[in-house]
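Descriptive structure summary
Listed below, chain by chain, are the residues.
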Amino acid sequence: MNILIVGSGGREHAFALKLKESPKCGSLYLAPGNPGTEKLGVNTNIKVDDFDSIEKLILENNIEIVLVGPEVPLVKGIKDHLLSHPKLKDLIVVGPDKKGAQLEGSKDFSKMFMLKYSIPTASYKTFNQNSLHSGIEYVSKHSLPVVLKADGLAAGKGVIIAETHKEAVSALNEMIADKKFGESSATVVVEQFLTGIEVSVFALCDGEGYLLLPEAKDYKRIGEKDTGLNTGGMGAVSPVPFADEVFMKKVKERIIDPTIAGLKSEGINYTGFVFFGLISVSGDPFVIEYNARMGDPETEAVIPRIKSDLVDIFVALGQKKLSQLTLDVDPRTATTVMLVSGGYPEDFEKGFSISGLQNVKDAVVFHSGTSLKNGDLVNSGGRVIAVTALGENIQDALIKTNAAAEKITWSKKYYRKDIGLDLC
Ligand code: AMP
Ligand code: GLY
């Protein structure tokens, strides 16, 4: 079967490598892909939200499966667009339609959804320009810290955790009145701060049932021991020791099952990944956020542990038979370490030559923010390369990923050496 992956990051590279392993994968296309995926499939010049060109590519190349990596095309309605074409009625789209993607595209929608279906989450209230005055009053009296979230997509930057009332009031003003995140922060969700440890759980849904994937823990802060600014993710570990059978039973019963049932009740034929960003508060799971896609860098840790054929899984999705599948998972631990440009997540320099990739042993390399300049591989994004290794435990895997991280070099490269150590 010919397959298209939409996206250009490490997540998409990890999917490309896994799909290419399947004897059932025919030609693989990427829109647009990156220098790492070039060896696995056909990179195109098509942007992730250029739906007309994506549709043309699918029609011209007899593509039967489309996997949508990032959130933007999902929230903009890529699935609705493609399936409205008379010749693409049978296309398998791994990714929800516009309505389903609201789980990620609107924090207000997702909070209302959780309230309606009694899914545990932090208590909240929503404010906009018309209710700014009462919002200011509300945050001024809220327990501290208090969490403010831009309703719409904000590339992972739309969450502010205010430690003081003064900070909370000015953040609310900046978001709503000054449009700090543009239209995305015209509406703001104000919610209770939850204290606990986070874990990302993933379910692949077919509109009827779902297949649970291995969970992972993401490391969001730039500095070791979880200090400094938030990033897109500095590394990941899978499995997560505290997400044991008892915890996962609670997750399934209190969160996953009611979410899938809720989506059905809302008339949403959700085909794709639901990413449950959870926090364990004294052993009880609460939803911090939903995403309508897989995580990055979580995918780079989760996918290498899956032994089952991913093409078979996507075909089962198309047939609404996912709940009949049993996933074959490598019991070993995967650690993923993200190598980033020095200065990230603030300003950083691009265009430095990257070397040493050929010296990496016992680890897999996923390109994230690289590009080719006159045939030379250079850094072109904040998060540049993810390396993943499997080991008998976290320490064992981390020794391999850190050794690989040392072998890859460019000017001002930075990475965290403590990924997963908090779980040991
Ligand atoms: P989000 O974009 O909703 O995932 O939020 C980004 C990060 O902010 C999360 O990964 C958490 O670390 C933190 N966060 C968000 N909401 C809360 C909350 N209610 N309580 C504590 N931390 C939170
Ligand atoms: N790593 C978090 C995310 O993909 O949103």
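Residues numbered from 1 in each chain as written. Chains lettered and ligands numbered in written order. Predicted model: local features only at pLDDT ≥ 70, side-chain atom pairs only at ≥ 80, totals over all residues. Heavy atoms only, no water.

**A short note on the overall build of the chain**
- When you go through the chain residue by residue, the secondary structure sums to 12 helices and 23 strands.
- At 21 Å, the chain has a C-alpha radius of gyration in line with the 22 Å of a compact globule built from 424 residues.
- In terms of overall dimensions, the chain has C-alpha extents of about 60 × 50 × 45 Å along its principal axes.
- For the chain, buried positions account for 57% of its 424 residues.
- Within the chain, residue pairs in contact and separated by at least 24 positions form 69% of the contacts whose partners lie at least 6 positions apart.
- If you sum the accessible surface of the chain, you get close to 17500 Å²; carbon and sulfur atoms cover 51% of it.
- Of note, the chain has its 48 positive side-chain charges centred 0 Å away from the centre of its 54 negative side-chain charges. (Helix = DSSP H or I, 4+ residues; strand = E, 2+ residues; numbered from the N terminus. Rg over C-alpha atoms; globule rule 2.2 N^0.38 Å. Buried < 20%, exposed > 50% of the residue type's maximum accessible area, 1.4 Å probe, protein only. Contact = heavy atoms within 4.5 Å. Areas by Shrake-Rupley, 256 points an atom, 1.4 Å probe, with all protein chains shown as cover. Lys, Arg positive; Asp, Glu negative; His and termini not counted. Charge placed at Lys NZ, Arg CZ, Asp CG, Glu CD.)

**Let's talk about the site of ligand 2**
- Neighbouring ligand 2 are the residues Asp218, Gly232, Phe275, Asn291, Arg293, Gly295, Asp296, Pro297 and Glu298.
- Within the side chain of Arg293, one N or O atom sits 2.8 Å away from an oxygen atom of ligand 2.
- Contact between ligand 2 and Asp296: an oxygen atom at 3.0 Å from a main-chain N or O atom of the residue.
- In isolation ligand 2 has 200 Å² of accessible area, and contact with the protein removes 87% of it.
- In terms of residue class, the shell around ligand 2 is made up of two nonpolar, three polar and four charged. (Near = heavy atom within 4 Å. Polar contact = N/O pair within 3.5 Å; in protein donor to acceptor, adjacent residues only side chain to side chain. Nonpolar A, V, L, I, M, F, W, Y, C, P; charged D, E, K, R; others polar.)

**A short note on the packing of helix H1 (residues 10–20) against helix H11 (residues 310–318)**
- H11 packs onto H1 with a crossing angle of 100 degrees between their chain directions and a minimal axis gap of 8 Å. With respect to each other, H1 and H11 are oriented roughly perpendicular. Counting all contacts with H1, which are made through Phe15, Lys18 and Leu19, the residues of H11 involved are Leu310, Val311 and Phe314.
- Taken together, the residues of the contact of H1 with H11 break down into five nonpolar, no polar and one charged. (Axes fitted to C-alpha atoms, helices over the stretch in contact; angles between N-to-C directions. Parallel < 35°, antiparallel > 145°, perpendicular 65-115°, else oblique.)

**A short note on the sheet that holds strand S10 (residues 197–206)**
- If you walk across this open sheet you meet the four strands as S11-S10-S16-S17, and the pairing is antiparallel. What marks the edges here is a single partner per strand, and that holds for strand S11 (210–212) and strand S17 (284–291). Sheet twist, expressed as the average angle between the axes of neighbouring strands with direction ignored, equals 35 degrees.
- Both S10 and S11 contribute to a ladder of three bridges, which runs antiparallel. (Pairing = 2+ DSSP bridges.)

**Overview of the pattern of salt bridges**
- Summed over all chains, the structure comprises 24 salt bridges.
- The shortest N-O distance in the salt bridge between Glu71 and Arg293 comes to 2.9 Å. One end of the pair, Glu71, is in helix H3 (residues 71–75); the other, Arg293, is in the loop between S17 and helix H10 (298–302), with 222 residues separating them in the sequence. The pair formed by Glu71 and Arg293 is uniform in burial state, with each residue classed as buried.
- The shortest N-O distance in the salt bridge between Glu191 and Lys111 comes to 2.6 Å. Taken as a pair, Glu191 in strand S9 (residues 187–192) and Lys111 in helix H6 (residues 107–116) lie far apart in primary sequence, 80 residues in all. (Salt bridge = Lys/Arg side-chain N within 4 Å of Asp/Glu carboxyl O.)

**Here's the deal with the packing of aromatic side chains**
- Counted according to the given criterion, the structure contains nine aromatic pairs.
- With a centroid separation of 5.8 Å and an interplanar angle of 70 degrees, the aromatic rings of Phe242 and Phe247 are classed as edge-to-face.
- Here Phe242 falls in the partly exposed class, since its relative accessible area comes to 21%.
- Since its relative accessible area comes to 3%, Phe247 is described here as buried.
- Members of the aromatic cluster, each reached through a chain of ring pairs, are Phe109, Phe113, Tyr117, Phe276 and Tyr290.
- Note that Lys417 overlies the ring of Tyr415, its terminal NZ or CZ placed 4.7 Å from the centroid. (Phe/Tyr/Trp six-rings, centres within 6.5 Å; stacked < 30°, edge-to-face > 60°. Lys NZ or Arg CZ within 6 Å of the ring centre and 35° of its normal.)

**Structural notes on the pairing of strand S7 (residues 146–150)**
- The buried fraction of S7 amounts to five of the five residues, a majority that puts the element mostly inside the structure.
- Of the two faces of S7, the one lined by Val146, Leu148 and Ala150 and the one lined by Val147 and Lys149 are each fully buried.
- Alignment of S7 against S9, held across five bridges, turns out to be antiparallel. Residue pairing in the sheet places Leu148 in a bridge with Val190 of S9.

**Points about the packing of helix H7 (residues 132–141) against helix H8 (residues 165–176)**
- Packing of H7 against H8 brings their axes to within 8 Å, and their N-to-C directions diverge by 155 degrees. One finds that H7 runs roughly antiparallel with respect to H8. In the crossing of H7 with H8, the sense of the turn from one axis to the other is right-handed. Between H7 and H8, the contacting residues are Leu132, Gly135, Ile136, Val139, Ser140 and Lys141 on the first element and His165, Ala168, Val169, Leu172, Asn173 and Ile176 on the second.
- Residues belonging to the contact of H7 with H8 are distributed by class as follows: seven nonpolar, four polar and one charged. (Left-handed = near helix turned anticlockwise from the far one by under 90°.)

**Comments concerning H7**
- Inspection of H7 places Leu132, Gly135 and Val139 among the buried residues, and these make up the whole buried set. Along the long axis of H7, the arc covered by the buried residues comes to 50 degrees, so they all point the same way. Of the exposed residues in H7, those oriented more than 90 degrees away from the buried face are His133 and Lys141.
- Against strand S6 (124–128), H8 and S9 lie the buried residues of H7. (Arc of directions from axis to C-beta.)

**Brief notes about the site of ligand 1**
- Close contacts around ligand 1 come from 14 residues, with Glu191, Gln192, Leu194, Glu198 and Glu289 the closest.
- Between ligand 1 and Glu198, the relevant distance is 2.5 Å, taken from an oxygen atom to a side-chain nitrogen or oxygen of the residue.
- When isolated, ligand 1 has an accessible area of 470 Å², and the protein chains bury 90% of it.
- Residue assignment for the shell around ligand 1 shows that the elements contributing at least two residues are S7, strand S8 (159–162), S9 and S17.

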